[in-house]
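The lines below spell out each chain.
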Amino acid sequence: GENVEQHPSTLSVQEGDSAVIKCTYSDSASNYFPWYKQELGKRPQLIIDIRSNVGEKKDQRIAVTLNKTAKHFSLHITETQPEDSAVYFCAAPGGSYQLTFGKGTKLSVIP
Amino acid sequence: GAGVSQSPSNKVTEKGKDVELRCDPISGHTALYWYRQSLGQGLEFLIYFQGNSAPDKSGLPSDRFSAERTGGSVSTLTIQRTQQEDSAVYLCASSPTSGQGYGYTFGSGTRLTVV
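Residues numbered from 1 in each chain as written. Chains lettered and ligands numbered in written order. Predicted model: local features only at pLDDT ≥ 70, side-chain atom pairs only at ≥ 80, totals over all residues. Heavy atoms only, no water.

Attention now goes to unusual backbone geometry. Cis geometry is found at the peptide bond from His7 of chain A to Pro8 of chain A, where omega equals -5 degrees. Residue position: Pro8 of chain A is located in the loop between β1 (4-7) and β2 (10-14). Following Ser7 of chain B, the chain continues into Pro8 of chain B via a peptide bond in cis, with omega recorded as -10 degrees. Mapping Pro8 of chain B onto the fold places it in the loop between β1 (5-7) and β2 (10-13). Residue Lys71 of chain A is not a glycine yet carries a positive backbone phi of 60 degrees. Note on placement: Lys71 of chain A falls in the loop between β7 (62-67) and β8 (72-77). (Helix = DSSP H or I, 4+ residues; strand = E, 2+ residues; numbered from the N terminus.)

Residues and elements named next belong to chain B. Tallied over the entire structure, the rule returns two disulfides over all chains. Between the sulfur atoms of Cys23 and its disulfide mate Cys92 the distance is 1.9 Å. Here Cys23 and Cys92 share a disulfide; its torsion about the S-S bond, -65 degrees, makes the bridge left-handed. Residue Cys23 is found in strand β3 (residues 19-24), and its partner Cys92 is found in strand β9 (residues 88-95); the two are separated by 69 residues along the sequence. Per residue, the accessibility class of Cys23 equals that of Cys92, and both read buried. (Disulfide = S-S within 2.5 Å. Buried < 20%, exposed > 50% of the residue type's maximum accessible area, 1.4 Å probe, protein only.)

Bringing the environment of Arg69 of chain B into the picture now. All names here are of chain B. Position of Arg69 among the secondary structure elements: in strand β7 (residues 65-69). In this structure, Arg69 is in contact with Pro25, His29, Thr30, Ala31, Leu32, Phe49, Gly51, Asn52, Val74 and Ser75, ignoring residues within four places of it in sequence. One polar contact links the side chain of Arg69 to the main-chain carbonyl oxygen of His29, over a distance of 3.0 Å. Reaching out from Arg69, the side chain makes a polar contact with the backbone oxygen of Ser73 at a distance of 2.8 Å. (Contact = heavy atoms within 4.5 Å. Polar contact = N/O pair within 3.5 Å; in protein donor to acceptor, adjacent residues only side chain to side chain.)

Distances and angles like these do not, on their own, reveal function.
So this is what it looks like as structure tokens:
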């Protein structure tokens, strides 16, 4: 099955700085890579996703990059704000129908 | 419905009792997934349904766990003879169909505490 590794497990940045979270996956059959944000006590919510036919996707202050050759993808958040503080999860499906999630990155944005 | 609904939101049960957790997916979503999230941990896959069928039950931790889905809609996750290690948040998610390329919409979860 798919194995997803996510780094770092915790990340602290000053407000206004950028944050980068990286994930690697093992199954070359994966062609869809979503990112979820989970605020404390709340449900995970999809914030951005990328398909394997593109290398980068942007949505305002967040972007995701994908390197299929190296089997890694990254989440970039620019101009971080306190409301960006949350746990972020990456995921990949492998050859299965269900997503395998990384273990999460706790992002703290310090005002 | 407008979102994925789960009930109850919180459940405290005594060790050895059976519990049922309910998930009502977004109307029209044929794929439904159950995950478990222990305190401060990631998302552990349990089972998924396409329609009423469960092609992949590989994530169920033991034979005390079972799930069903009826009418292609509501799903119930049953845990028999609960143990303290079953304490976790049980999350349900749905997507328009199974297969790659479809993001999940999660419910708010059921927080299960076994005492």
